[in-house]
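Per-entry structural report
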Amino acid sequence: MSLAVQIRQHGGPEELHIVDVTVGEPGPGEVRIRHHAIGLNFIDVYHRTGLYPLNMPATIGMEGAGVIEAVGEGVTHLKVGDRAAYASNPPGAYCEVRVMPAKCVCKLPDAISFETGAAMMLKGLTAQYLLKKTRPVEGLQPGDHVLFHAAAGGVGLIASQWAKALGLQLIGTAGSDAKCQLALANGAAHAINYSTEDFAARVKEITGGKGVKVVYDSVGKDTWDKSLECLRPFGLMASFGNASGPVAPFAPGSLGAKGSLYVTRQTLFTHIATREATQAMADDLFAVVASGQVKIHIDQRYPLADVQQAHRDLEARKTTGCTILTL
């Protein structure tokens, strides 16, 4: 048996219920993992509210870290007793123990704690594919400016540090002066409080009127139009979330008028679709964290029983950095 957080219908945080569930043996290509810590992410809110619908009842949660308890047939990269961490479909991380596909579960280096592993996998792998794989047609070179929204969030703080390590000039946005200072302290070259400043005007000022080569945007509806204004010709608008709501339909012709722009909607789960790709990305993340170039900030911890409050705080923008659920 395992404690798990289930939703029986889509809705608010009050729909998150602690229940007992039966956990069986792993089948072919699966493992059973006992969690030591669980990551909290905005995609969990999308699953709870129904923006990304699930079949009911559903256990949500996309990342965790713990110890492998059992290994199914055909799994060769993990064994019983291994420390492990993952960001993976299907949802189901909000629990003590689960059976899940093994392909996205990675052996966790001894130098990285369970809490750090649970906090960094989804957000760190997201930062990895954005900075390393989601690049404008003209590429990115040291010294180039990029715009990163929600720079004081979990993905943003990792991306700010990683971008600095790559020599990029990251311009971060956040919703308060305190969050802007946090982004600057973590490697952002500039920070803009979008609640008090016109971020498009500031970006043009910072870049001498040229604009940025790429905008990384997990906010969505509220930042979309002005983000397009921030791009230089042939720039890339890289959408990877919709914290403020989905982007409204727009005319593709407008991209030509703004400078032959490119638009992409990225998701981590395309990038980690294979065992080999997952491991390569994780190795890159583990290396940059182990080197100290990227530090994982766990700014909030909630017991699993307080999951409703964790969701309320996340949606109210009260959190910074990474948040974990503890067991």
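What this report covers is the structure whose coordinates are included nearby. (Residues numbered from 1 in each chain as written. Predicted model: local features only at pLDDT ≥ 70, side-chain atom pairs only at ≥ 80, totals over all residues. Heavy atoms only, no water.)

Here the focus is the sheet that holds strand 9 (residues 145-148). Spatially, 6 strands are ordered 11-10-9-12-13-14 in an open sheet, and the strand pairing comes out parallel. Among the strands making up the open sheet, the edge pair consists of strand 11 (190-193) and strand 14 (262-265). Neighbouring strand axes in the sheet, compared pairwise and without regard to direction, differ in orientation by 15° on average. Relative to strand 11, helix 5 (residues 199-206) is tilted by about 160°, and along the sheet it contacts strand 9, strand 10 (169-174), strand 11 and strand 12 (212-217). (Pairing = 2+ DSSP bridges. Helix = DSSP H or I, 4+ residues; strand = E, 2+ residues; numbered from the N terminus. Axes fitted to C-alpha atoms, helices over the stretch in contact; angles between N-to-C directions. Contact = heavy atoms within 4.5 Å.)

Moving on: the pattern of salt bridges. This model, assessed by the stated rule, comprises 14 salt bridges. As a salt-bridge pair, Arg-32 and Glu-69 come within 3.0 Å of each other at their nearest N and O atoms. Taken together, the residues Arg-32 in strand 3 (residues 30-40) and Glu-69 in strand 5 (residues 63-71) connect sequence positions 37 residues apart. Overall, the relative accessible area of 14% leaves Arg-32 in the buried class. Lys-107 serves as the salt-bridge partner of Asp-82, at 4.0 Å between the closest nitrogen and oxygen. Of this pair, Asp-82 sits in the loop between strand 5 and strand 6 (83-87) while Lys-107 sits in strand 8 (residues 105-107), and the two are 25 residues apart along the sequence. The exposure class assigned to Lys-107 is partly exposed, which follows from its relative accessible area of 45%. Connected via shared salt-bridge partners are Glu-25, Arg-32, Arg-34 and Glu-69. (Salt bridge = Lys/Arg side-chain N within 4 Å of Asp/Glu carboxyl O. Buried < 20%, exposed > 50% of the residue type's maximum accessible area, 1.4 Å probe, protein only.)

Roughly 970 Å³ of volume is contained in the largest pocket. In this structure, the largest pocket is lined by 48 residues; those nearest its centre are Phe-42, Ala-150, Val-155, Ser-218 and Ala-243. For the lining of the largest pocket, the secondary structure elements donating two or more residues are helix 1 (42-49), helix 2 (114-133), helix 3 (154-165), strand 10, helix 8 (268-271) and strand 16 (322-326). Partitioning the lining of the largest pocket into residue classes produces 23 nonpolar, 20 polar and 5 charged. A volume near 160 Å³ is recorded for the second largest pocket. Considering the residues around the second largest pocket, the lining is formed by 14 residues, among which Thr-59, Gly-92, Cys-95, Val-97 and Arg-98 are closest to the centre. Of all the elements in the fold, those that place two or more residues in the lining of the second largest pocket are strand 1 (2-7) and strand 7 (97-101). Of all the elements, strand 7 adds the most residues to the lining of the second largest pocket, at 4 residues. (1 Å grid on protein atoms, 1.4 Å probe; cavity = no way out; pocket = protein on both sides within 12 Å on 5 of 7 lines; lining within 4 Å. Points joined across faces, edges and corners; volume = space filled by probe spheres on them. Nonpolar A, V, L, I, M, F, W, Y, C, P; charged D, E, K, R; others polar.)

Once that is clear, we can look at the environment of Ala-65. Looking at the secondary structure, you find Ala-65 in strand 5. With relative accessibility at 0%, the residue Ala-65 sits in the buried group. Along the chain, Ala-65 and Met-121 lie 56 residues apart, while their C-alpha atoms are 8.9 Å from each other. Apart from the residues lying within four places of it in its own chain, the contact partners of Ala-65 are Ile-33, Arg-34, His-35, His-36, Ala-37, Ala-84, Ala-85, Phe-114, Gly-117 and Ala-118.

Across 5 bridges, the pairing between strand 15 (residues 298-303) and strand 16 is parallel. Within strand 16, the residue paired with Pro-303 across the bridge is Thr-326.

On the surface, a cluster of nonpolar side chains totalling about 300 Å² of accessible area is made up of Val-137, Phe-234 and Tyr-262. Within the secondary structure, Val-137 is located in the loop between helix 2 and strand 9. (Patch = residues over 30% accessible without salt bridge, like charges linked within 9 Å, V, L, I, M, F, W, Y side chains within 5 Å. Areas by Shrake-Rupley, 256 points an atom, 1.4 Å probe, with all protein chains shown as cover.)

Moving on, we get to the pairing of strand 16. Of all 5 residues in strand 16, 4 are buried; the element is thus mostly enclosed. One ladder, built from 4 bridges, connects strand 3 with strand 16; its direction is antiparallel. The partner of Leu-40 across the bridge, within strand 16, is Thr-323. You can see the chain leave strand 15, run along helix 10 (residues 307-315) and come back into strand 16, and the turn it takes is right-handed. (Right-handed = clockwise from strand over helix to strand, strands pointing away.)

Another point: unusual backbone geometry. Here Met-56 and Pro-57 are connected by a cis peptide whose omega angle stands at -10°. Take Pro-57: it is sitting in the loop between helix 1 and strand 4 (58-59). The residue after Asn-89, namely Pro-90, is reached through a cis peptide bond having omega -5°. Mapped onto the fold, Pro-90 is located in the loop between strand 6 and strand 7. Residues other than glycine seldom take positive phi values, yet Ala-150 does so here, at roughly 55°. Within the element layout of this structure, Ala-150 appears in the loop between strand 9 and helix 3. Residues other than glycine seldom take positive phi values, yet Phe-234 does so here, at roughly 65°.

Let's shift gears to helix 1. For helix 1, the tally of buried residues reaches 6 of 8 residues, placing the bulk of the element in the interior. All buried positions along helix 1 are accounted for by Ile-43, Asp-44, Val-45, Tyr-46, His-47 and Arg-48. Of the surrounding elements, those touching the buried residues of helix 1 are strand 1, strand 3, helix 2, helix 8 and helix 10. Looking one or two places after helix 1, you find Gly-50, whose phi comes out positive at around 100°.

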